[in-house]
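Okay, here's what each chain looks like letter by letter:
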Amino acid sequence: MDNDQQSKESTDRSDLVSEDGKNSKSVVCQRCGSKVLCPGMAVLVEKELFLPSMRKKSGPSTTEGSVDGDTLTTHWFVQDMFDFDNVGFTKDVGKIKYLICADCEIGPIGWHCLDDLTSYYVAVERVNHA
């Protein structure tokens, strides 16, 4: 993807955000289409978070102990876990739980630190909007 296309995608999110800064569309799973969040339940925020890759690597890792993944910066921020329609959580990875689709279990689609029980982040790049 070239820089012009990437910057256009990262800045042209006006159709996803309502006037009050919340999601104007449902947030749904990329694989199965299951609804993760209803409109108006999350706020768009910029925060740098590392999420492991959603796809399994075909071969062994070249660096021992490294995790394949992406540093993502645009997220839907949710303060209450009960605001989600359909989300699952992985087992603890240190002080982190990753968010996954509760129906098809693809993920991680988001991130939650166990030190802060009122902060849940869903990566905009890892979900679709309907």
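Residues numbered from 1 in each chain as written. Predicted model: local features only at pLDDT ≥ 70, side-chain atom pairs only at ≥ 80, totals over all residues. Heavy atoms only, no water.

Draft legend 1. Structural view of the overall build of the protein. The helix and strand inventory of the protein stands at 1 helix and 9 strands. Overall, the protein shows an N-to-C arrangement of helices and strands of α-β-β-β-β-β-β-β-β-β. Here the protein holds 130 residues, and 35% of them are scored as buried. For the protein, the proportion of contacts with a sequence separation of at least 24, taken over those separated by at least 6, is 54%. Carbon together with sulfur atoms contributes 48% to the accessible area of the protein, which is approximately 7,900 Å² in total. (Helix = DSSP H or I, 4+ residues; strand = E, 2+ residues; numbered from the N terminus. Buried < 20%, exposed > 50% of the residue type's maximum accessible area, 1.4 Å probe, protein only. Contact = heavy atoms within 4.5 Å. Areas by Shrake-Rupley, 256 points an atom, 1.4 Å probe, with all protein chains shown as cover.)

Draft legend 2. Just the environment of Val67, in detail. In this fold, Val67 is placed in the loop between strand 3 (43-52) and strand 4 (69-78). Judged by relative accessible area, Val67 falls into the exposed class, the value being 53%. C-alpha separation for the pair Val67 and Pro52, spaced 15 residues apart in sequence, amounts to 6.4 Å. The residues touching Val67, leaving out its near neighbours within four places in the chain, are Phe50 and Pro52.

Draft legend 3. The arrangement of the pairing of strand 6 (residues 96-100) in detail. The element strand 6 is largely enclosed, with a buried count of 4 among its 5 residues. The sheet contact formed by strand 5 (residues 88-89) and strand 6 spans 2 bridges and is antiparallel. Residue pairing for strand 6: Phe89 is matched across the bridge by Leu99. Counting the residues between successive antiparallel strands, the hairpin from strand 5 to strand 6 contains 6 residues, one of them, Gly94, with a positive phi of roughly 70 degrees. In the sheet, strand 6 pairs with strand 7 (residues 110-113) via 4 bridges, with the strands oriented antiparallel. When the sheet's bridge partners are listed, Ile96 is paired in strand 7 with Cys113. (Pairing = 2+ DSSP bridges.)

Draft legend 4. The sheet that holds strand 1 (residues 27-29), seen in detail. Ordered by their spatial adjacency, 3 strands build an open sheet running 2-1-9, and the pairing between neighbours is antiparallel. The open sheet has two edge strands with one neighbour each: strand 2 (35-37) and strand 9 (127-129). Adjacent strand axes in the sheet meet at a mean angle of 45 degrees when their direction is disregarded. Relative to strand 2, strand 1 runs antiparallel, the two being bridged by 2 bridges. From the neighbouring strand, Val28 faces strand 2, where its bridge partner is Lys35. (Axes fitted to C-alpha atoms, helices over the stretch in contact; angles between N-to-C directions.)

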